[in-house]
Amino acid sequence: MATPPAPERLRVLVASDQALIADAVRAALASRGHEALVVRWPGDTRVQGVRRKSPQVPLTEVGLLLSDLDRWSRIRAATLVVEQIRVPWVALTTSPRGPAWGGVLSAGARVVLPGTTRLDNISELLLSVVQNQISTPADERAELEAAWSEMRARHDEVAERVARLTPREREVLRLMYGGSSVATIAEMLEVAPATVRSQVKSVLRKLDVNNQLAAVAAFDDVLDVFERRPVYRLPKPRAPEQGDPARDPSRDAARGAARDSGQGAPRGRR
């Protein structure tokens, strides 16, 4: 009786906005014989690229992205990873099927699946993707990408409205975003509370929203418009040098990307 062939060994690039989850998945994939590497989420300096010795035989590369995709900033970061690291990507997300899925697919992901997918099935899933046995059907991809296009159009419209605010109105909006009350803003800007209330009304009118919470939510969705887009570089794994186990040649590049992504952040934002 012939022995069944051993499953193909992959080099899996794991990307997640939650460092602990990324590392747990990396360890699980490594236990199944794959070479796994955690790549840094754009703007996150907490994750240190995993360094593994390059194999003698080249491995097929595939990406595994894990994110809730429940905020514009997370969707943007996910699309940035997929766009700039050119490998077949599988995305797992708790976000319901809709525009966020379309955003990742538009960036080039092969398939997006619910985050309830069992870890035991991920290895088989990744193999199916690199072997072109699984992908998103064309009609479903078109539907999701169309939903993403509509969401982006609404986002761009809000961004244009924010851009039409006066410098003082935008400053008031930033302070509101940071959690400051009208009284606090008036004190900080050294103006009367009535003046701030008038400026808040103007902000609501220009953003076409009914209350301050809606204005803050709209502003949160377009913060990326007023920040520099970071350059994302894939860390290259290597065997650690003896006596220098903590050295990572990609750390400086990642720190630079994080600094770029933090420029222009509003006051009060953490």
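Heads up: the structure comes first, above all this text.
Here goes a summary of the coordinates provided. Note on numbering: residues in each chain are counted from 1, in written sequence order. Reporting in this predicted model follows two pLDDT cut-offs: at least 70 for local features of residues, and 80 or more for side-chain atom pairs to be given and counted; totals over whole chains, interfaces and linings ignore these cut-offs and use all residues. No hydrogens and no water enter the side-chain calculation; it runs on all heavy atoms of the structure.

**Details of the overall build of the protein**
Selection rule: Numbering goes from the N terminus for both helices and strands, where a helix is a DSSP run of H or I of at least four residues and a strand is a run of E of at least two. Exposure classes here rest on a 1.4 Å probe applied to the protein chains alone. A residue is buried below 20% of its type maximum, exposed above 50%, and partly exposed in between. In what follows, residue pairs with any heavy atoms lying within 4.5 Å of each other are defined as contacts. Here the open area of atoms and residues is found with the Shrake-Rupley method and a 1.4 Å probe, where only the protein chains shown may cover a residue.
Helix and strand content of the protein: 10 helices and five strands. Per-residue burial over the protein gives 44% buried out of 270 residues. Relative to all contacts within the protein whose residues are 6 or more apart in sequence, the contacts with residues 24 or more apart total 73%. Just so you have it, the protein exposes about 14,500 Å², and 50% of that area is on carbon and sulfur atoms.

**Some thoughts on the packing of helix 2 (residues 72–84) against helix 3 (residues 99–107)**
Each pair of packed helices can be summarised by the angle the axes make with each other and by the distance between the axes. This is how it is decided: Helix axes are fitted only over the stretch in contact, all axes being lines through C-alpha atoms; the angle between N-to-C directions runs from 0 to 180 degrees. These descriptions rest on fixed angle ranges, namely under 35 degrees for roughly parallel, over 145 for roughly antiparallel, 65 to 115 for roughly perpendicular, and the rest for oblique. Left-handed describes a crossing whose near helix is turned anticlockwise from the far helix by less than a right angle; the clockwise case is right-handed.
Between helix 2 and helix 3, the least distance of the axes is 8 Å, while the angle of their chain directions is 20°. Here helix 3 runs roughly parallel to helix 2, going by the angle between their axes. Where helix 2 crosses over helix 3, the two elements pack in a sense that is right-handed. Along its contact with helix 2, which presents Ile75, Ala78, Thr79, Val82 and Glu83, the element helix 3 presents Ala100, Gly103, Val104 and Ala107.

**Quick look at the nonpolar core**
What counts is decided by this rule: In this text, buried Ala, Val, Leu, Ile, Met, Phe, Trp, Tyr and Cys residues form a nonpolar core when linked through side-chain atoms within 4.5 Å.
By size, the foremost hydrophobic cluster in this structure holds 26 residues, and its most contacted members are Leu13, Leu65, Val82, Ile85, Trp89 and Val104. Among the elements of the structure, strand 1 (10–16), helix 2, strand 4 (89–93), helix 3 and helix 5 (138–163) are those that each provide at least two residues to this core. Considering each element in turn, this core owes the most residues, six residues, to helix 2.

**As for the pairing of strand 1**
Which entries qualify depends on this criterion: Here, a strand pair is defined by DSSP locating no fewer than two bridges between the strands. Consider the strands pointing away from the viewer: the crossover is right-handed when the path from the first strand over the helix to the second runs clockwise.
Burial within strand 1 is extensive, with seven of its seven residues counted as buried. Across the two faces of strand 1 the burial is the same, with Leu10, Val12, Val14 and Ser16 and Arg11, Leu13 and Ala15 all buried. Pairing of strand 1 with strand 3 (residues 60–66), which is carried by seven bridges, proceeds in the parallel orientation. Considered in strand 3, the bridge of valine 12 is made with valine 62. Where strand 1 lies against strand 2 (residues 35–38), four bridges are found, and the strand directions are parallel. When the sheet's bridge partners are listed, leucine 13 is paired in strand 2 with leucine 37. Since strand 1 and strand 2 lie parallel, the crossover through helix 1 (residues 19–31) that links them has a hand, and here it is right-handed.

**A few points about helix 4 (residues 119–130)**
The following threshold applies: The span you would expect from a helix comes to 1.5 Å times its residue count less one.
A rise of 1.5 Å per residue sets the reference length of helix 4, with its 12 residues, at 16 Å; its end C-alpha atoms lie 18 Å apart and thus fit the reference within 8%. Those residues of helix 4 that sit buried are Ile122, Ser123, Leu125, Leu126, Leu127, Ser128, Val129 and Val130. Where helix 4 is buried, its residues contact strand 1, helix 1, strand 3, strand 4 and strand 5 (111–114). Note on helix 4: the residue one or two positions beyond its end, asparagine 132, has a positive phi of about 60°.

**What about the pattern of salt bridges?**
For clarity, the cut-off: Salt bridge, as used here: a side-chain nitrogen of Lys or Arg that lies within 4 Å of a carboxyl oxygen of Asp or Glu.
Following the criterion strictly, the structure yields 14 salt bridges and no others. Note that aspartate 17 is salt-bridged to arginine 74, the shortest N-O span being 2.9 Å. In this pair, aspartate 17 sits in the loop between strand 1 and helix 1 while arginine 74 sits in helix 2, placing the two residues 57 residues apart along the sequence. Two residues, glutamate 145 and arginine 141, come together in a salt bridge whose shortest N-O distance is 3.5 Å. Separated by four residues within a single helix, glutamate 145 and arginine 141 lie in helix 5, roughly one turn from each other. Looking at glutamate 145, the relative accessible area reads 24%, which means it is partly exposed.

**A word on the sheet that holds strand 3**
With parallel pairing, five strands are arranged side by side in an open sheet as 2-1-3-4-5. One side of each edge strand has no neighbouring strand; the edge strands of this open sheet are strand 2 and strand 5. In this sheet, neighbouring strand axes are inclined to one another by 20° on average, regardless of whether the strands run parallel or antiparallel. The sheet strands contacting helix 2 are strand 1, strand 3 and strand 4, and the helix crosses strand 3 at an angle near 175°.

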